[in-house]
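Residue-level structural notes
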Amino acid sequence: MKRKSLFLMLALACIVLGCNRQNNPQPATPTPLPANIADYDLVMLDNGDLNFYNSKTATMTLLEAEEDSVVNVAFTSNVLYYCVAKDGKILLRCIDLDQPNPQPKQLADWGVPYEKCLTETYGTVSPLEYHRGRNTLGLHHNFSWDGYWFIDEKLYNIETGEITDWTWEWEEAGLELPGEEEENEYYVSKSDELRDYLLMLDGKFYMTDGNDDNYVCLTDQMDFSKYISEPDFATDIEFDYIAASPDNLKILYMVILEWGDFPHGILAISSLDGKFQMPLEDTDCTGFYADWLDDSSLVYVGFENDTKCIKRIYPDGHVEVIAHCSEFYKKQPVVH
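To keep things clear, this report deals only with the structure shown in the data block.

About the thresholds
- Residues numbered from 1 in each chain as written.
- Predicted model: local features only at pLDDT ≥ 70, side-chain atom pairs only at ≥ 80, totals over all residues.
- Heavy atoms only, no water.
- Pairing = 2+ DSSP bridges.
- Helix = DSSP H or I, 4+ residues; strand = E, 2+ residues; numbered from the N terminus.
- Axes fitted to C-alpha atoms, helices over the stretch in contact; angles between N-to-C directions.
- Phe/Tyr/Trp six-rings, centres within 6.5 Å; stacked < 30°, edge-to-face > 60°.
- Buried < 20%, exposed > 50% of the residue type's maximum accessible area, 1.4 Å probe, protein only.
- Core = buried A, V, L, I, M, F, W, Y, C linked by side-chain atoms within 4.5 Å.
- Contact = heavy atoms within 4.5 Å.
- Polar contact = N/O pair within 3.5 Å; in protein donor to acceptor, adjacent residues only side chain to side chain.

On the basis of which strands lie adjacent, the open sheet formed by four strands has the order β3-β2-β1-β23 and antiparallel pairing. Since the sheet does not close on itself, it has two edges, and those belong to β3 (59-62) and β23 (327-330), each with one partner. Taken pair by pair, the neighbouring strands of this sheet meet at an average axis angle of 25°, ignoring direction. The pairing of strand β2 (residues 49-54) with β3 spans four bridges and is antiparallel. Bridge pairing links Y53 to M60 in β3.

Written out as structure tokens, the structure is:
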């Protein structure tokens, strides 16, 4: 009963969000996107609105030309794919940032009701997945409590525009799906060997020289016990590497302090020499948004005055709130 009630409330909230979007229509003549919009490397989703962010100039611009409520995004090269919720449907659209005065373009109706793309855990919308190197987008649907996730997926072929159902034959052909990678990889490429030099020992996280002869402690300046929220669910501390900064001077990792249905704790950053250590106190291991930018800044979703926001941690450790919303998407290179 509690699960159903929670789901109904969250679904209602999503409907209200869509209504609010329609009650605040975009200008009759939308302001064109900047001429250098292809240089913008992040998009932020704010109550159905899309905002582009240029991390080099720290400037933001709204996509006024989209009139419907955006629910998820896949940012590949200079083409932004996204879905909108409209009339109980979930529709796929795109905008090509390399075009002069780029405009939203309708691509397809996914053929599944919007409500089938909502989780029953947090009421969030199924992510729009970009399958690297396969020129394919994916949309999960039909939530199941057995695995706390969706059991079906629709696939959109970017080249042909064809929509098909995911099948085991698709995987057997070598078309690997996100979510099927090695457990706990969390955005990390399988070619990333840095995790082989990391070691957990006596409740601390260490960087080694590969032969375990020299140790640099990455966590000795931080007291993680104060981040335990439910002592009854506390466990022996675990660390799980997420990704290194582009300059290979820092790493982002999870500090797992409790276990329920999912791991809970915080994220943290450390320099590989152990001199810089920063706990991200306003994060949780489950459902986090975090990614490195090309200048080795980290962008993540945290909180300001109990309200979700997007923060940027610059390489020198300076922290800045760059948006008051709860989702961002980084431009990803297309792999051929």
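All right, on to the sheet that holds strand β8 (residues 128-131) then. The strand order across the open sheet built from four strands is β8-β9-β10-β11, with neighbouring strands paired in antiparallel fashion. Where the open sheet ends on each side, the last strands, each with one partner, are β8 and β11 (163-165). Taking the axes of each pair of neighbouring strands and ignoring which way they run, one obtains an average angle of 35° across the sheet. Pairing geometry for strand β10 (residues 149-157) and β11, over three bridges, is antiparallel. Each bridged residue has a counterpart across the sheet, and for Y156 the counterpart in β11 is I163.

Here the focus is the packing of aromatic side chains. The tally for this structure, following the rule as stated, stands at 14 aromatic pairs. Plain terms: the ring middles of W110 and Y156 are 6.4 Å apart, the flat faces sit at 65° to each other, and that makes the pair edge-to-face. Taken as a pair, W110 in strand β7 (residues 105-113) and Y156 in strand β10 lie far apart in primary sequence, 46 residues in all. Look at W110 and you get buried, because its relative accessible area is 2%. Taking the relative accessible area as the measure of exposure, Y156 reaches 4% and is therefore buried. Look at F205 and F239: their rings are 4.9 Å apart centre to centre, the planes differ by 10°, and that puts the pair in the stacked class. With F205 in strand β13 (residues 204-208) and F239 in strand β15 (residues 234-244), this pair connects stretches of sequence that are 34 residues apart. For the pair shown, F205 and F239 are each scored as buried.

Membership of the largest hydrophobic core comes to 21 residues, with the highest contact counts inside it found for I90, W110, L128 and L137. Counting only elements with at least two residues in this core, the list comes to β4 (69-76), β5 (79-86), β6 (89-96), β7, β8 and β9 (136-144). What L137 contacts, discounting residues up to four positions off in sequence, is A74, Y81, L92, W110, L128, E129, Y130, H131, K154, L155, Y156 and I158. Among the nonpolar cores identified, the runner-up in size contains 18 residues, and V70, F75, I95 and Y329 belong to it.

This brings us to unusual backbone geometry. Backbone geometry at N142 places phi at a positive 65°, although glycine is not the residue there. Structurally, N142 can be placed in strand β9. Look at N142 and you get partly exposed, because its relative accessible area is 24%. One non-glycine residue, D202, lies in the positive phi region at around 55°. Relative to the helices and strands, D202 resides in the loop between β12 (198-201) and β13.

Once that is clear, we can look at the pairing of β2. With six of six residues buried, β2 is to be regarded as a mostly interior element. Here β2 shows a buried face lined by D49, N51 and Y53 and a second buried face lined by L50, F52 and N54. Summarising the sheet, strand β1 (residues 42-46) and β2 pair through five bridges and their orientation is antiparallel. Bridged to M44 within β2 is N51. The loop that links β1 with its antiparallel partner β2 comprises two residues; one of these, N47, has a positive phi angle of about 50°.

Let us now look at the side chain of S296. Position of S296 among the secondary structure elements: in the loop between β19 (290-292) and β20 (298-304). The exposure class of S296 is buried, given its relative accessible area of 5%.

This paragraph deals with the environment of Y53. Relative to the helices and strands, Y53 is located in strand β2. Relative accessible area serves as the criterion here: at 2%, Y53 is assigned to the buried category. With 276 residues separating them in the primary sequence, Y53 and Y329 have C-alpha atoms 9.9 Å apart. Setting aside anything within four residues of it in sequence, one finds Y53 in contact with Y40, D41, L42, M44, A58, T59, M60, R312, Y314 and I322. Reaching out from Y53, the side chain makes a polar contact with the side chain of R312 at a distance of 3.1 Å.

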